[in-house]
Amino acid sequence: MSILELQSKEFAKRHIGPNETETQKMLHEIGFSDLDGLIGKTVPSGIRMKAALRIPRAMSEHEYLRHIKNVSLKNKIFKNYIGQGYYGTITPSVILRNIFENPGWYTQYTPYQAEISQGRLESLLNYQTLVSDLTGLPLANASLLDEATAAAEAMAMFFNLKNRQDHIERPRFFLDTATFPQTKDVIYTRAIPFGIEVVEGDYKSATIDETYFGALVQYPNNIGSIEDYSGFISAVQHIGGHVVMATDLLALTLLTSPGELGADVAIGSAQRFGVPLGYGGPHAAFMAAKDDFKRVIPGRIIGVSVDAEGNRALRMALQTREQHIKREKATSNICTAQALLANMAAMYAVYHGPAGLKAIAERIAVYAQTVAAEIEARGFELVSEYFFDTIVVKASDVAAIRQKAEAQKINFRYIGNNLVGISIDETIIVEDLFDIINCFENDTDPVAFDINADSGTYRLPAALIRKSSYLTHSVFNTHHSESQMMRYIKYLENKDLSLNTSMISLGSCTMKLNAATQMMPLSWSHWASIHPFVPVEQAGGYKELVDNLGKYLCEITAFDACSLQPNSGAQGEYAGLLTIKAYHEAQGNPHRNVMLIPISAHGTNPASAVMAGMKVVVVKALENGYIDVEDLKAKAAQHAENLAGIMITYPSTYGVYEETVKEINQIVHDHGGQVYMDGANMNAQVGLTAPGLIGADVCHLNLHKTFAIPHGGGGPGMGPICVKEHLAQYLPGHVFQGDNGLHHAVSAAPYGSASILLISYAYIMMLGSEGVKSATEYAILNANYMRSRLGKHYDILYTNDNGLCAHEFIVDLRPFKKTAQIEAEDVAKRLMDYGFHAPTMSFPVPGTIMIEPTESEDKAELDRFCDALISIREEIKAIEDGVADVKDNALKNAPHTQQVVTANEWNHSYSRQEAAFPLHYVALNKFWPSVARVNNTVGDRNLICTCEPTEMYAEA
């Protein structure tokens, strides 16, 4: 290899953990002399890719940063007054540096293991409190994907409360005309498969009867007007319906809350609380509701419980509502959130406090009323009498205004042929007001105006000015200096285990390295400050990014077209199934609605199928975890007339490449169905095989898994879909891409969470064709090395005919319940004492753990994890042999906190050293869980999802 090639391939050596010496040692452990031999015995020859991937040669990190800087400059930075749910915001530097750019926050996993997630759980509890306080509703979740999908989730929740799937008594949903267009678009998408009849109209004149199950209104609305919906809400509730109010958290610092107006649910986006625009995302949506909805509200809820020592502890409450539990009985397929962005928004509120937030809102309102007054003084008429930050101006010559605006690098919103929308945000300074007003000036008179900041925000309706307090908890009234804020963020970070602590070996979740070079450009202004609805010619950098990434993903999957709109894996599933549904309908087969789903599939698969209006038929699995081909044949034949397709995961959820996959796909095709492939396990395919080669028609890709977007403590994610040519025309559309007909949007922005596409683009560009293939090979090597080591101590479930696994494998812990009264949860909690996050627990097989090391971990880290599990096996054996007490042992009492280990009293039958430092390496870099084992039952029986009064902490 030449010295030039060496530089271009440097990233692969930094991304892939094992070096050449380690590779040989690991291969020797498995019984192979080279990597090709291992891959040949692992991946069936019949599905192997023959040619190299046609993606560019690898770039060095330095070369990539120069490249992506040049691409970014193709985005033109204008001053945006477009609004519509997306606003310029100022991310406090202390939050930008210590959360958004900090791997201690962005590499965390979803907080299923509460004892090592207390920091982000507290921050998310702050987020819920922020949302609950401002909306005036007692229950809030820990974020949703975006405002439009949150609205659709609320509609679906209302529908399912008022109707049974087999008997729809109340099919109608009222949608106020003055709702954001992108929200309408997603509402229509979600309504059609459910059989919901969306009736759009003016809330003032609407007649709501018993055929309606609910309604949605916007506050302030699409044209900025502030309306009093209390009478309308009462009318809807009088006939037994529910009302969701789409709203703006910053406006609610000044306006009467939705809860006080009587709304059942409030939704919206927290983007303007310090989260960059990023051409549409990622941003945290919110949902708040009356307490009546606590058992059905979609998304995650953070709740307060206690630990084994009786101390306050946080956890994800009501986890049995999660869709992987409910499967085809689910009413939502939400399986993730926007945790990282919710944490940013929460910290923004903590930093500014209630007075600071209100001051920002008042400044915006004063600037908006100043602009309004000056434009009116120049002879223009406003559409709305009352407004917060958005005015809409009637204009006879919009073209002239637009020309003057664009000459000053200003984007207004243009509605039809005679309306100009102007939305003011916190980034606006007085000098900007001159430029805005100048667009409505006669070019001869100088622009002059007065700002009377003491006159009050008089363009708000007096009856709707907020009188109730909010954010009274001490956390929002303490950390207002940068020193305080920096220390608070660090205090919470120290409670959480993330990838900068140790490997996170969660099977099916692919917690790989999120390289710093991939992350850096996200903070650059030419990527961060672009509004999703700017004219396309201003987003040339994003167009190049989207076009190239889509092309590379098609090459990797052997498909022909790609949609980058779905902003989570579950959204990708849903979008893929809608694409199949639209195809069948276009072929004159709308009755094809049966989706075959293997019993081993992810729980979101059946949930997504139900959301897409399909009927789920479960296919059995064999003892070895493979799909039961005979059962598949029988069910495909039984449902041949109505077969829509099959959803499969490859390699299987059990971590094995099924040799029968092509036969399975052919059976479905022979009976008129389409093949949907869940992309959860693409990290075992890239460069070696591909969904399109295997016979699939559509797949979604979890960019937050295979393509290295960080998990962010439970989000963000991206789930684009790739399809064969015959499905391309049925991919999601978007109202702002001139397509709101047959193919509606699944997300609020045309490219979902567009800014984080940069991360996956960087991953592909710096690894190149050879690198992405090597990543797959090393993922398989690392998994089989661990399988080989652990197989000497534990039973390993489901390997292929050669005794090998794919990129993940399942360790059976079920025998220990009989021999030592030890369960999978005990092993998971004990791993924390060794400094590790538990692998995936009890999925896909109850009582097991599923381990996926990824390619990013070196041999030393793999060995540390194996050593920990082997040591735990010895601890179990001590119980089995009667050496350790069956009740009082290190596993049952795990995890052990610093307070417990250093307490004056120690009444256990094992030593403090065994509890806290069971292996030598643990003492070198000890990670202490901040709470003891959390009591799940207490948290569910006494649901508390907002910050408790401060005196509660003192009592604890």
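Coordinates for the structure precede this section.
We now turn to the structure provided with this report.

The rules behind each value
- Residues numbered from 1 in each chain as written.
- Predicted model: local features only at pLDDT ≥ 70, side-chain atom pairs only at ≥ 80, totals over all residues.
- Heavy atoms only, no water.
- Helix = DSSP H or I, 4+ residues; strand = E, 2+ residues; numbered from the N terminus.
- Rg over C-alpha atoms; globule rule 2.2 N^0.38 Å.
- Contact = heavy atoms within 4.5 Å.
- Areas by Shrake-Rupley, 256 points an atom, 1.4 Å probe, with all protein chains shown as cover.
- Lys, Arg positive; Asp, Glu negative; His and termini not counted.
- Charge placed at Lys NZ, Arg CZ, Asp CG, Glu CD.
- Buried < 20%, exposed > 50% of the residue type's maximum accessible area, 1.4 Å probe, protein only.
- Pairing = 2+ DSSP bridges.
- Core = buried A, V, L, I, M, F, W, Y, C linked by side-chain atoms within 4.5 Å.
- Arc of directions from axis to C-beta.
- Axes fitted to C-alpha atoms, helices over the stretch in contact; angles between N-to-C directions.
- Polar contact = N/O pair within 3.5 Å; in protein donor to acceptor, adjacent residues only side chain to side chain.
- Salt bridge = Lys/Arg side-chain N within 4 Å of Asp/Glu carboxyl O.
- Phe/Tyr/Trp six-rings, centres within 6.5 Å; stacked < 30°, edge-to-face > 60°.
- Patch = residues over 30% accessible without salt bridge, like charges linked within 9 Å, V, L, I, M, F, W, Y side chains within 5 Å.
- Expected span 1.5 Å × (residues − 1).

### Examining the overall build of the protein chain
(1) Moving on: Helix and strand content of the protein chain: 34 helices and 26 strands.
(2) Moving on: In terms of overall dimensions, the protein chain is globule-like: its C-alpha atoms have a radius of gyration of 28 Å, near the 30 Å expected for 956 residues.
(3) Moving on: Summarising its shape, the C-alpha atoms of the protein chain cover approximately 85 × 70 × 65 Å along the three principal directions.
(4) Moving on: Long-range contacts, defined as pairs at least 24 residues apart, comprise 77% of the intrachain contacts of the protein chain with a sequence gap of at least 6.
(5) Moving on: A total of about 33000 Å² of accessible surface is found on the protein chain, and carbon and sulfur atoms cover 49% of it.
(6) Moving on: Of the charged side chains in the protein chain, 79 are positive and 106 negative, and the gap between their average positions amounts to 3 Å.

### Section: the pairing of strand 9 (residues 301–306)
(1) Moving on: The buried count for strand 9 comes to five of six residues, which makes it a mostly enclosed element.
(2) Moving on: Relative to strand 10 (residues 312–317), strand 9 runs antiparallel, the two sharing six bridges. Directly across from Ile302, in strand 10, lies its bridge partner Met316.

### Points about the nonpolar core
(1) Moving on: In this structure, Tyr127, Phe273, Phe388, Phe412, Ile422, Ile424 and Leu869 are the most contacted members of the largest nonpolar core, which totals 305 residues.
(2) Moving on: In terms of residue count, helix 14 (residues 339–377) provides more of this core than any other element does, 22 residues in total.

### A few points about helix 15 (residues 398–407)
(1) Moving on: Taken as a whole, helix 15 has its buried residues at Val398, Ile401, Lys404 and Ala405. One side of helix 15 carries all its buried residues, which in axial view fall inside an arc of 130°. Opposite its buried face, helix 15 presents the exposed residues Ala399, Gln403 and Ala407, each directed more than 90 degrees away.
(2) Moving on: Those residues of helix 15 hidden inside the fold are in contact with strand 13 (410–411), strand 14 (413–415), strand 15 (419–423) and helix 16 (430–438).
(3) Moving on: Lys409 sits one or two residues past helix 15 and shows a positive phi near 60°.

### Some words on the sheet that holds strand 15
(1) Moving on: Taken in spatial order, the four strands of this open sheet run 11-12-15-14, and their pairing is antiparallel. Strands at the two margins of the open sheet, each flanked by one partner only, are strand 11 (381–382) and strand 14.
(2) Moving on: Strands in contact with helix 14 are strand 11, strand 12 (390–394) and strand 15; relative to strand 12, the strand with the most contacts, it is inclined by about 10°.

### Regarding the side chain of Thr179
(1) Moving on: Summarising the element assignment, Thr179 is placed in the loop between strand 3 (172–176) and helix 10 (181–194).
(2) Moving on: Here Asp176 takes part through its backbone oxygen, which lies 2.7 Å from a polar atom of the side chain of Thr179.

### A short note on the side chain of Glu147
(1) Moving on: Mapped onto the secondary structure, Glu147 falls in helix 9 (residues 147–162).
(2) Moving on: Here Glu147 occupies a buried position and makes no salt bridge, while the nearest side chain of opposite charge, Arg272, is found at 9.2 Å.
(3) Moving on: Beyond its immediate sequence surroundings of up to four residues, Glu147 is in contact with Gly85, Phe180, Thr183, Gln218, Ala246, Ile267, Gly268, Ser269 and Ala285.

### A short note on the environment of Gly835
(1) Moving on: Secondary-structure assignment places Gly835 in the loop between helix 28 (824–833) and strand 25 (840–841).
(2) Moving on: Classification of Gly835 as buried rests on a relative accessible area of 13%.
(3) Moving on: Linking Gly835 and Ala916, residues 81 residues apart in sequence, is a C-alpha distance of 9.8 Å.
(4) Moving on: In contact with Gly835, other than residues within four places in its own chain, are Leu497 and Ser502.

### Quick notes on the pairing of strand 12
(1) Moving on: Within strand 12, four of the five residues are buried, which leaves the element mostly enclosed by the surrounding structure.
(2) Moving on: Note: strand 11 against strand 12, two bridges, orientation antiparallel. The residue bridging Glu381 from the neighbouring strand is Lys394, located in strand 12.
(3) Moving on: Where strand 12 and strand 15 come together, five bridges link them in antiparallel fashion. Looking at the pairing, Val392 lines up with Gly421 of strand 15.

### Comments concerning the packing of aromatic side chains
(1) Moving on: This structure, assessed with the given rule, holds 30 aromatic pairs.
(2) Moving on: Arranged with centres 5.5 Å apart and planes meeting at 85°, the rings of Tyr86 and Phe533 form a pair that is edge-to-face. Of this pair, Tyr86 sits in the loop between strand 1 (79–80) and helix 6 (93–100) while Phe533 sits in the loop between helix 19 (525–528) and helix 20 (540–557), and the two are 447 residues apart along the sequence. With respect to class, Tyr86 is no different from Phe533; both count as buried.
(3) Moving on: When the centroid spacing of 4.5 Å and the interplanar angle of 20° are considered together, the rings of Tyr279 and Tyr542 count as stacked. Of this pair, Tyr279 sits in the loop between strand 7 (265–269) and strand 8 (285–289) while Tyr542 sits in helix 20, and the two are 263 residues apart along the sequence.
(4) Moving on: According to the relative accessible area criterion, Tyr279 is buried, its value standing at 8%.
(5) Moving on: Taken together, the ring pairs in this structure connect Phe174, Tyr203, Tyr219, Tyr229 and Phe232 into an aromatic cluster.

### Let's talk about the sheet that holds strand 5 (residues 212–219)
(1) Moving on: Pairing within the open sheet is mixed, and its seven strands lie in the order 2-8-7-6-5-3-4. In this open sheet, the two edge strands, each paired with only one partner strand, are strand 2 (139–140) and strand 4 (197–201).
(2) Moving on: In this sheet, strand 7 lies alongside strand 6 (residues 242–248) in parallel orientation, the contact comprising five bridges. By the bridge assignment for strand 7, Ala246 is matched with Ile267.
(3) Moving on: Packed on one face of the sheet, helix 9 meets strand 3, strand 5, strand 6, strand 7 and strand 8 and runs near 160° to strand 7.

### Some thoughts on a nonpolar patch on the surface
(1) Moving on: There is a patch of nonpolar side chains on the surface, built from Val430, Phe434 and Ile451 and spanning about 200 Å² of accessible area.
(2) Moving on: Residue position: Val430 is located in helix 16.
(3) Moving on: Overall, the relative accessible area of 31% leaves Val430 in the partly exposed class.

### A look at the pattern of salt bridges
(1) Moving on: Counted by the stated rule, this structure contains 41 salt bridges.
(2) Moving on: Residue Lys490 is joined to Glu493 by a salt bridge in which the shortest nitrogen-to-oxygen separation is 3.6 Å. Of this pair, Lys490 and Glu493 both sit in helix 17 (residues 482–493), separated by three residues, roughly a single helical turn.
(3) Moving on: By relative accessible area, Lys490 is classed as partly exposed at 43%.
(4) Moving on: Glu630 serves as the salt-bridge partner of Lys633, at 3.6 Å between the closest nitrogen and oxygen. With Lys633 and Glu630 both in helix 23 (residues 629–638) and three residues apart, this pair spans about one turn of that helix.
(5) Moving on: A single salt-bridge network, built from bridges that share partners, covers Arg789, Lys859, Asp863 and Asp867.

### Some words on helix 9
(1) Moving on: With 16 residues, helix 9 ought to run about 22 Å at 1.5 Å a step, and its terminal C-alpha atoms sit 23 Å apart, in line with that.
(2) Moving on: The element helix 9 is extensively covered by neighbouring structure, given that 14 of its 16 residues are classed as buried.
(3) Moving on: The distance from a side-chain oxygen at the start of helix 9 to the backbone nitrogen of Ala148 is 3.3 Å, and the residue carrying that oxygen is Asp146.

### Overview of unusual backbone geometry
(1) Moving on: Of the consecutive residues Tyr219 and Pro220, the connecting peptide bond is found in the cis state with omega at -10°.
(2) Moving on: Along the chain, Pro220 falls in the loop between strand 5 and helix 11 (230–238).
(3) Moving on: Despite not being glycine, Tyr279 shows a phi value in the positive range, around 60°.
(4) Moving on: If you check the backbone angles, Tyr798 has positive phi at about 60° while not being a glycine.
(5) Moving on: Considering the arrangement of structural elements, one finds Tyr798 in the loop between strand 23 (795–797) and strand 24 (809–812).

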